[in-house]
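Chain residues, written in single-letter form:
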Amino acid sequence: MSAVDLSSHPGHLARRLQQVHHLLWNTMVSEQTTSPQFAVLNTLVAAPGLDQRTVGERVGLDRSTIAEVVSRLTRRGLLRKTRDPRDGRRSRLAVTEEGRAVHRELTVRTGRMNEVFLAPLDPAEQGVFLDLLRRVADAAEGLGRRAEEVREAEAS
């Protein structure tokens, strides 16, 4: 069997995009605050007081990853956790003043980074590209189920 053209494989291209994003993030945005950490801060700036599970769902992080991200942000003094008075098992999250300052700074930097990241595309293409990425990302749960169905069909 001959080699396949990986330029037509979305997973390969997604990995390459992630590598570029990671490089740009560390160079242009922050070496201290990761992209998922910024996503959590950003979500809580928009909706203070959400619980950890809801924040994780909104930014697309699983339970163990959101727990680690929240723990790191809390240790850095960027987030504050308080017990929900109506449900002691649940913690409410809020961005501290220091967290708000970091968020403001990183918001400007992410804007610049996104301009560089998307520079190969004209403005109309950028909109289409982001729309297509969003559609695939939003369908991620269904894609996992679909992959299982295909694998089971191939096995039978």
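None of the values given here were measured: they were computed from a predicted structure.

Chemist: Would you mind showing me how to read the overall build of the protein chain here?
Modeler: For the protein chain, the count of helices and strands is 7 helices and 2 strands. Helices (α) and strands (β) of the protein chain occur, in sequence order from the N terminus, as α-α-α-α-β-β-α-α-α. For 156 residues, the compact-globule formula gives about 15 Å, and the C-alpha radius of gyration of the protein chain, at 19 Å, lies well above that figure. Expressed as lengths along the three principal axes of its C-alpha atoms, the size of the protein chain is roughly 60 × 45 × 25 Å. Counting all 156 residues of the protein chain, 26% fall into the buried class. Contacts in the protein chain between residues at least 24 apart in sequence constitute 50% of all its contacts with a sequence separation of at least 6.

Chemist: When you look at the environment of H9 in this model, what are you seeing that I'm missing?
Modeler: For H9, the location among the structural elements is in the segment before α1 (10-29). Overall, H9 belongs to the partly exposed group, its relative accessible area being 33%. Residues H9 and R72, 63 residues apart in the sequence, show an inter-C-alpha distance of 35 Å.

Chemist: Quick question: what am I supposed to make of the side chain of T110 here?
Modeler: Mapped onto the secondary structure, T110 falls in helix α5 (residues 97-118). In contact with T110, not counting residues within four places along its chain, are W25, V29 and F38.

Chemist: Explain the packing of aromatic side chains here, please?
Modeler: Given two aromatic rings, their pairing is described by the distance between the two centres and the angle made by the two planes. This structure, assessed with the given rule, holds 1 aromatic pair. Considering the side-chain rings of W25 and F38, the 5.9 Å spacing of their centres and the 55° angle between planes classify their relative orientation as tilted. Residue W25 is found in helix α1, and its partner F38 is found in helix α2 (residues 35-46); the two are separated by 13 residues along the sequence. The pair W25 / F38 is uniform in exposure class, with both members buried.

Chemist: Whenever I open this one, the packing of α1 against α5 confuses me. Can you help?
Modeler: Between α1 and α5, the shortest axis-to-axis distance is 10 Å and the interhelical angle comes to 135°. Between α1 and α5, the angle falls in the class oblique. The element α1 and its partner α5 pack so that their crossing is right-handed. On the side of α1, the interface is formed by L17, V20, H21, L24, W25, M28 and V29, while α5 contributes L106, R109, T110, R112, M113, V116 and F117.

Chemist: What should I look at first to understand the pairing of strand β1 (residues 79-84) in this one?
Modeler: Looking along a regular strand, one sees the side chains alternate between the two faces of the sheet. By the bridge criterion, 6 bridges tie β1 to strand β2 (residues 87-95) in an arrangement that is antiparallel. From the neighbouring strand, R83 faces β2, where its bridge partner is S91. Hairpin connection, β1 to β2: the antiparallel pair is bridged by 2 residues.

What counts, and where the lines are drawn
- Every residue gets a number counted from 1 within its own chain, in the order that chain's sequence is written.
- Local features are withheld for residues below a pLDDT of 70 in this predicted model, meaning they are given only at 70 or higher, and side-chain atom pairs are given and counted only at 80 or more; totals for whole chains, interfaces and linings count all residues.
- To get the side-chain values, take all heavy atoms of the structure and skip hydrogens and water.
- To qualify as a helix, a DSSP run of H or I must reach at least 4 residues; to qualify as a strand, a run of E must reach at least 2; elements of each kind are numbered from the N terminus.
- In this setup the radius of gyration rests on C-alpha atoms only. A globule is expected at 2.2 Å times the number of residues raised to 0.38.
- Burial classes follow relative accessibility: with a 1.4 Å probe on protein chains only, a residue under 20% of its type's maximum area counts as buried, one over 50% as exposed, and anything between as partly exposed.
- Residue contacts are counted whenever heavy atoms from the two residues lie within 4.5 Å of one another.
- Aromatic contacts are taken between Phe, Tyr and Trp rings whose centres are within 6.5 Å, Trp giving its six-membered ring; a plane angle under 30 degrees counts as stacked, one over 60 as edge-to-face, and the others as tilted.
- Where helices are involved, their axes are fitted lines through C-alpha atoms of the stretch in contact, as for all axes, and angles between N-to-C directions lie from 0 to 180°.
- Just so you know how the angles are binned, under 35 degrees is roughly parallel, over 145 roughly antiparallel, 65 to 115 roughly perpendicular, and the rest oblique.
- If you view the pair so one helix is near and one far, a crossing is left-handed when the near helix is turned anticlockwise from the far one by less than a right angle, and right-handed when it is turned clockwise.
- If DSSP finds at least two bridges between two strands, the strands pair.

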